[in-house]
Amino acid sequence: MCIAAAAIVDGAMAYTIRPARTSDVPVIRKLIDSNVESGRLLSKATVTLYEDVQEFCVAELSADATAGGCGALHVMWEDLAEIRTVAVHGSCQGLGLGHRLVEALLDRARDTGVSRVFVLTFAVDFFGRHGFQAISGTPVAAEVYRELLSSYDEGVAEFLDLERVKPNTLGNTRMLLRL
């Protein structure tokens with residue numbers, strides 16, 4: 001579960017980290033869209049967000065019950081998951097929501113039984129503070145790699161560093177955390 005008690009940062013904002021609901025998808029869509037132009041996030045089809053809503057956690061602001069941030073945990077293999085689509089609304093940045101979201105997603109990974117978590121990111125320092133370390137290559141055995149090639153998920157294609165997704169991954173750092 002990704003439920004964390006309400007937090008107050010600098011006495012100014014209370015929020016709760018909770019599993020996303022279908023009613024959160026329009027806000028998640030806006031959070032993603034606000035990060036696409038900068039290249040921090042890739043756009044996703046809205047239908048994909050609804051299909052994957054159970055992977056998301058949101059930081060719900062207590063003041064108005066809206067999502068001030070989001071993030072997802074996508075299980076890729078028996079021991080491997082990816083944290084993806086971490087985004088925080090501009091008015092909430094610097095308040096710790098992103099860190100709390102990552103902590104909740106890591107807790108979810110532990111609860112799921114995953115022992116390694118991967119990110120493909122520009123935010124190297126941010127994820128480094130959570131213990132992620134830069135890696136090169138794809139950290140799976142050859143037989144797992146072959147199995148993952150069957151996935152339709154674009155994020156898995158990015159993880160595998162397939163040629164067709166290279167423009168999406170240029171400049172990103174591959175990072176891994178062992179739980």
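Summarised in this report is the structure supplied together with it.

Here is what the cut-offs are and how they apply
Residues numbered from 1 in each chain as written. Predicted model: local features only at pLDDT ≥ 70, side-chain atom pairs only at ≥ 80, totals over all residues. Heavy atoms only, no water. Helix = DSSP H or I, 4+ residues; strand = E, 2+ residues; numbered from the N terminus. Buried < 20%, exposed > 50% of the residue type's maximum accessible area, 1.4 Å probe, protein only. Contact = heavy atoms within 4.5 Å. Areas by Shrake-Rupley, 256 points an atom, 1.4 Å probe, with all protein chains shown as cover. Pairing = 2+ DSSP bridges. Right-handed = clockwise from strand over helix to strand, strands pointing away. Core = buried A, V, L, I, M, F, W, Y, C linked by side-chain atoms within 4.5 Å.

1. Focus: the overall build of the protein
Okay, step 1: The helix and strand inventory of the protein stands at seven helices and eight strands.
Okay, step 2: In the protein, buried positions account for 47% of the 179 residues.
Okay, step 3: Considering only contacts in the protein between residues 6 or more positions apart, those separated by 24 or more positions represent 62%.
Okay, step 4: A total of about 9,000 Å² of accessible surface is found on the protein, and carbon and sulfur atoms cover 52% of it.

2. Focus: the pairing of strand E6 (residues 116-121)
Successive side chains on a regular strand alternate, one facing one side of the sheet and the next facing the other.
Okay, step 1: For E6, a buried count of six out of six residues is recorded, marking the element as mostly surrounded by other parts of the structure.
Okay, step 2: What you see with E6 is no split at all: Arg116, Phe118 and Leu120 on one side and Val117, Val119 and Thr121 on the other are buried throughout.
Okay, step 3: Pairing analysis gives three bridges linking strand E5 (residues 80-88) to E6, with the strands arranged parallel. What sits directly across from Glu82, in E6, is Phe118.
Okay, step 4: On the question of chirality, the crossover connecting E5 to the parallel E6 by way of helix H3 (residues 97-112) is right-handed.

3. Quick look at the nonpolar core
Okay, step 1: Membership of the largest hydrophobic core comes to 26 residues, with the highest contact counts inside it found for Ile17, Ile83, Leu97, Leu106, Val117, Phe127 and Phe132.
Okay, step 2: Counting residues per element, the ones that place at least two in this core are strand E2 (13-19), strand E3 (56-61), E5, H3, E6, helix H4 (124-128) and strand E8 (173-178).
Okay, step 3: With seven residues, H3 is the single largest residue contributor to this core.
Okay, step 4: Ignoring any residue separated from it by four or fewer positions in sequence, one finds Leu106 in contact with Ile83, Val117, Phe132, Leu177 and Leu179.
Okay, step 5: Grouped together as the second largest cluster of nonpolar side chains are 14 residues, Ile28, Leu31, Leu49 and Val53 included.

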